Amino acid sequence: MNKSANKHSIAIVGGGAAGITVAASLRRRRPDLDIALIDPATDHYYQAAFTLVGGGTFDLARTRRSQQDLIPPGVDWIRQPAEGFDPGNTSVILADGRHITYDGLIVCPGLQLDWDRIEGLQETLGQNAVCSNYAPELAAYTWDCIRDLRGGTALFTQPQMPIKCPGAPQKIAYLAADHLRRSGSLDDTEIRFALSGDVIFSVQEFVAPLQAVAARYGIHVDYATTLVAVDGAAREAVFETTAANGESERVTRRFDLLHVTPPQSAPDFVKQSPLANDAGWVDVDQQSLQHKQYPNIFALGDAAATPNSKTAAAVRLQAPVVVENLLAALDGKPLPAEYDGYASCPLVTAHGRVILAEFIYGGKVTPSFPLDPTRERRSMWWLKKHFLPFLYWNIMLKGRHWDIPHRPRE
Ligand SMILES: Cc1cc2nc3c(=O)[nH]c(=O)nc-3n(C[C@H](O)[C@H](O)[C@H](O)COP(=O)(O)OP(=O)(O)OC[C@H]3O[C@@H](n4cnc5c(N)ncnc54)[C@H](O)[C@@H]3O)c2cc1C
């Protein structure tokens, strides 16, 4: 490839929810802009529906589209993984050794699933009733395991935060419990939800409603409890529980179903780059989404060091902020846009029931609808199952900004 092909006005690293949205939005605003999108993946997934796939109510094929069909016309797709950043020389280093230089850079490669931090897990994932909604090739197996369960012990895990979609680990426990209730096996099944943290959800207003849902199904919630090892063939999982005095003990539990949410962190190549903060995430200002050290670099989505809930819903509102601010930065103007930390989490509590949690920085509840957001609703199930996938594919990924204003709850 010649030298000029390696130089672009804007380079975007990662073509997931965030990368495609900002690429499309930039092209809408400035059709002549020279944009390169760097991503080796040929498939794009609507990950938010993986919970429904695992719950047996959404077809996996409907979560996948060809990346080729989503990349906006005119955007140069570089099918290589980025391996590093050299911000001093305004360049991204690719796995094939090329350096892509830019005037402005958007960093959004998502996060990394650290399966190998749980001993024995990788060897048994996708078999021996060990499942996870966190990978497309495994989500359908979650439903196989739930459907085939006839009593016994079902374990669900949630690692240390931050993770993407912090509600997802418990949503699948509720869908499983609801299925068991309908099939008459709930009373014969011990269900445990083990979480590393000490609270079931980070936004206070939703804690009591979610505890009530867990209690309704008879789910035991084990706080400060982390999955550390799995022996799939023996159907045994090892948990470490930390007591209030800091002492920890290990407990081995037999299981008939184990749904694992893996530990998660920033991608290694981001962690090891000059763009990372101490925790490894891209060190951007939480309102402007501009890098704290490099003004021509912005980040959004799961890789950004912003303290919002890592969701596609957050990306939807971050994208226009990044686009407006990056274009202003390149024009030498003040940054006009601010992100307020909005995220939403449709907390599926049963087949046909959802609590729609919407909130901004500081855990302030900000519903889009004039309804009590803490209640389980059929209308929000419809929104989750039908409307949000439509919004994702046809509005968000097309770079159209469409928003129902969310407001702090009185
Ligand atoms: C089980 C589950 C349930 C969820 N439920 C919800 C929900 O109900 N609501 C909600 O809003 N969100 C939900 N999410 C979260 C949502 O999917 C993510 O927050 C969102 O996809 C983040 O977008 P992103 O662009 O930052 O990352 P991603 O969409 O993950 O995209 C990252 C992209 O970067 C690419 N990439 C990775 N490494 C490199 C590299 N080295 N070089 C170049 N490219 C690279 C990848 O190939 C990928 O295309 C859920 C996620 C999961 C897994």
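Above this text sits the structure in question.
Description of the structure in this document. From a predicted model like this one, the values you see are computed outputs, not experimental measurements. Residue positions within a chain follow its written sequence, with the count starting from 1. Under the rules for a predicted model, residues below a pLDDT of 70 receive no local features and side-chain atom pairs below 80 are neither given nor counted, while totals for whole chains, interfaces and linings still include all residues. The basis for the side-chain values is all heavy atoms of the structure; hydrogens and waters are excluded.

1. Points about the pattern of salt bridges
Each salt bridge in this description consists of a side-chain nitrogen of Lys or Arg and a carboxyl oxygen of Asp or Glu lying within 4 Å of one another. Counted under the stated rule, the structure contains 15 salt bridges. Between R182 and D178 there is a salt bridge; the shortest N-O distance is 3.0 Å. Here R182 and its partner D178 are both found in helix α6 (residues 168-183), four residues apart, which amounts to about one turn of the helix. Note on D178: relative accessible area 1%, which makes it buried. The salt bridge involving R250 is made with E240; its shortest N-O contact spans 3.0 Å. With a gap of 10 residues between them, R250 in strand β16 (residues 248-254) and E240 in strand β15 (residues 236-242) connect regions that are remote in the sequence. Partly exposed describes any residue whose relative accessible area lies between the buried limit of under 20% and the exposed limit of over 50%, with all areas from a 1.4 Å probe on protein chains only and scaled to the type maximum. Exposure remark for E240: the relative accessible area of 26% places this residue in the partly exposed category. Each member of the salt-bridge network shares a partner with another, and the members are D144, R147 and D148. Runs of H or I in DSSP of at least four residues are treated as helices and runs of E of at least two as strands, each being numbered from the N terminus.

2. Overview of the site of the ligand
Any residue with a heavy atom positioned within 4 Å of a molecule or strand is treated as near that molecule or strand. Residues in contact with the ligand amount to 34 residues; listed here are only the nearest, A18, D39, A82, D302 and A313. We call two N or O atoms a polar contact when they sit within 3.5 Å, provided that within protein one can donate a hydrogen and the other can accept it, with sequence-adjacent residues counted only if both atoms are side-chain atoms. Within the side chain of D302, one N or O atom sits 2.8 Å away from an oxygen atom of the ligand. One of the backbone N or O atoms of T311 is found 3.4 Å from an oxygen atom in the ligand. In the complex, the protein chains occlude 89% of the 1,000 Å² of accessible area that the ligand would expose alone. Of all the elements in the fold, those that place two or more residues in the shell around the ligand are α1 (17-29), α2 (50-54), α6 and α9 (312-330). Considering every element that reaches the shell around the ligand, the biggest residue donor is α9, with three residues. Lys, Arg, Asp and Glu make up the charged group, whereas Ala, Val, Leu, Ile, Met, Phe, Trp, Tyr, Cys and Pro make up the nonpolar group; the residues left over, Gly among them, are polar. Taken together, the residues of the shell around the ligand sort by class into 19 nonpolar, nine polar and six charged. Mapped onto the domain boundaries, the shell around the ligand takes at least three residues apiece from domain 1 (3-111 + 266-341) and domain 2 (114-264). What sets the accessible areas is the Shrake-Rupley method with a 1.4 Å probe; for residues, cover comes only from the shown protein chains. All the domain ranges listed were derived from an automatic or database domain assignment.

3. What about the side chain of R377?
Here R377 is to be found in the loop between β22 (364-365) and α10 (378-396). His is not counted here, nor are the chain ends, while Lys and Arg score as positive and Asp and Glu score as negative. For the buried R377, which has no salt bridge, the nearest side chain bearing the opposite charge is D372, at an N-O separation of 5.5 Å. Contact definition: two residues touch when any of their heavy atoms are within 4.5 Å. In this structure R377 touches G352, R353, V354, L371 and D372, once residues within four positions along its chain are discounted.

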